[in-house]
Amino acid sequence: MYDAVMRFQFRSRVPLGALCFFGIAACAPAAPAPVVPASPTAPANVAPPSASAPVAQSGPVDSSVAPCDDFYGYACGPWLASHPIPDDRGSLGPMALLYEDMLLKLRAILERDAAGKGGDDPYAAKLGALWSVCMDEGRAEDPKPLARELARIAAVKDGPTFATALARLHALGASPLLTVSVDTDFVDPTLPIVTVNQGGIGLPDKSYYAADTTDPRKTKVRADYVAHIAAMLALAGESPNDASKDAAAIMAFETKLAALSIERVAMRDPKNQYHATSRAWLTQKAGGVAWDAWLRALGLEKTTAFNVGQPTFLTGAASLAHDTPPAVLRAYLRWSTIDTMARTLGRAFVAEDFRLEQSLYGARELSPRWKRCVRAVNYAMPEAVTVPFVKDVLGEDGKARASKLVGQLLTAMRANLTTLAWMDDATRKSAFEKLDGVVIKAGYPDRWRSYDALDIAGDSYFDDSVRVRLFAFQWEAAKLGKPYDRNEWFLSPATVDAFSRWTQNDLTFPAAVLRPPFFGGTMTRAMEYGAIGMIAGHEVVHGFDDEGRKFDARGQNRDWWTPASAEAFEKRTDCLRTQFDGYTVLEGVHVNGKLTAGENLADLGGLETAYRALMAARRENPDAGGRTETDDAKEMFLAYAQSWCRNIRDETLHTMVSSDPHAPPKYRVNGTLSNMSEFASAFACKAGNPMVHAPRCEVW
Ligand SMILES: [Zn+2]
């Protein structure tokens, strides 16, 4: 449950949300995929898609693989063979190609702005200045901006000075010791609340810190991480000896924070995400941090109500900070600063930063600077740089058509709920209310936000990044005390993904994903339902997954299920948990059925719903070309599978299985389709075939 708009990061090694569609840690709103994107020149055999040359037909299939044995192999074999992973990526799939094309389009906009040819765009000058200062690699070598920032930390000697320095980093979007954000209040979702969650660790999951791990890869990553911290501190001016001593102390500190943290699977329970607390609670139960000084430094001194997601963590983390010598705290905050700002620093920092990415995701080569700068501007001023982009790739007609298609998925879900045998009428009534309350956000915002208060000086990339981060924090903080604007977007329309937020009961489909091979161009109706239709169905069903079902039509965290319906649902979900636990990804590495339960439920329910919506569309508008239901079904399932083809390096796969709530694509495709009788009948699969799962898991 993360609205977390405040968590404005140019980077995030920790996947934050379980809400998005594509995964590999790209889920966090406003956070980029840590998998480093591809090189400027795609491999020779890859034709990057573009709006002018949409990918329209189903791709070729591998006819040596029987669809009923391994549909993913059948549908993706040729694509996988012809799309090797570029050196600067950890994986490659059709959505990554869309992402690459999006980067090129934004680059053209930024180059035009930087050349003073932005026309009447009110933010062209700011965009151009931010782009230019980011691209100026030589100027980033200036050590003074980082030194000034680190000088603030040198003042830390006691509780209040530590709290003040900690708050500065939180306002910059970093998460030392804890994570702070302005999020929805689970009890009154019309209002935002200051939310404090567990945080403070730099590796993707607490399991990396467990000394007794039998996983050699995690042991290696841990050693790489300590060496990385030491190298970064040394680059910032510490002697090699001090840097290794500090790195060891920082690792010990983070290991204690990891031990206090709740596991990812347990975090799926809203009970582990919300505890209404007061300022008095903070002082009494987590008195190890000087909260008054912290709030003052954040400009939140008037705040009296908080959501503390994991009270036990906060109590423990505060006393840990209290009991840690100031010299170690200073080292920890220095590390947090360097880590957060690494990409705005000189070449040596950037290269060392990339070394850890390599260890975690296996990319072989740093992506070119222009791509990193496009990403940075897209996260800094998303609703300025994307204005020409959305006109180009989607337009008003596309936005309207996409909204309509998502509406059709909601209608199909409603029709299904009407006849669902295991749900009783009381629960059904509340489910209808929830569906009726959904806000659809397709393409781009109806009203664009203002960046008038953001100052871009163009003096140094570091300093401008600090301004951008503080602006983002203040933007979120300004929402406190006022009702939410339900039309506001919380991420860039240039995001290749789709999102569902339970506390806002909204669904977001950014313009960057509303393109072929997901939507539009010359795609057939059946293909669109298999690709974007399935994504829309997936997001709709998230509102009813193991987490989403605990939020009502208004977004309030409330149990609206009768015990009988809840039990029937859980029993059906268990079937999927067991099924996915059974998949072996790499030797000794299995999919985690519990961690991926919500996504697997959304995939199965989403594809079922998309199928029903396609059949409803057929009834309403019979196909003039004489296509049979089976023709459409086959094309739809193929489009679904082919939107998922993805080559993945072992390192990325490994990190994904430990920390991503999405199962790897092959299992999302085969695991989902093997539960669908409609798939089995379209391809004439029989009981006993690998693509016919026994028992069949059926939820929606
Ligand atoms: Zn999802």
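In the block above lies the structure referred to throughout.
Procedures and definitions
Residues numbered from 1 in each chain as written. Predicted model: local features only at pLDDT ≥ 70, side-chain atom pairs only at ≥ 80, totals over all residues. Heavy atoms only, no water. Disulfide = S-S within 2.5 Å. Helix = DSSP H or I, 4+ residues; strand = E, 2+ residues; numbered from the N terminus. Buried < 20%, exposed > 50% of the residue type's maximum accessible area, 1.4 Å probe, protein only. Pairing = 2+ DSSP bridges.

Undergrad: Residues and numbers for the state of the cysteines, please.
TA: Applying the stated criterion across every chain yields a total of 4 disulfides. Sulfur-sulfur distance for the disulfide between Cys134 and Cys373 comes to 2.0 Å. The sign of the S-S torsion, about -85°, decides the handedness of the disulfide formed by Cys134 and Cys373: left-handed. You can see Cys134 sitting in helix H3 (residues 124-135) and its partner Cys373 sitting in helix H14 (residues 369-380), a full 239 residues away along the chain. Classification of Cys373 as buried rests on a relative accessible area of 0%. Between the sulfur atoms of Cys575 and its disulfide partner Cys697 the distance amounts to 2.0 Å. Taking the sign of the S-S torsion, about -80° here, the bridge from Cys575 to Cys697 comes out left-handed.

Undergrad: How would you sum up unusual backbone geometry? Please name residues and give values.
TA: Between Pro516 and the following residue, Pro517, the backbone shows a cis peptide bond with an omega angle of 10°. Mapped onto the elements, Pro517 comes out in the loop between strand E8 (506-510) and helix H20 (525-542). Each neighbour pair has its own omega, and for Ala694 with Pro695 the value is 0°, a cis peptide bond. In this structure, Pro695 sits in the segment after helix H26 (677-682). A positive phi angle, close to 65°, is found at Leu177, a residue other than glycine. A positive phi is found at Ala684, a non-glycine position, where the angle reads about 55°. With respect to the element layout, Ala684 can be found in the segment after H26. Looking at Ala684, the relative accessible area reads 48%, which means it is partly exposed.

Undergrad: Just give me the short version of the pairing of strand E5 (residues 305-308), but keep the residues and values in it.
TA: Where strand E3 (residues 192-198) meets E5, 3 bridges bridge the pair, whose relative direction is parallel. Within E5, the position partnered with Val196 by the bridge is Val308. Bridge count between strand E4 (residues 276-278) and E5: 3 bridges; the pairing is antiparallel. By the bridge assignment, Ala276 is partnered in E5 with Asn307.

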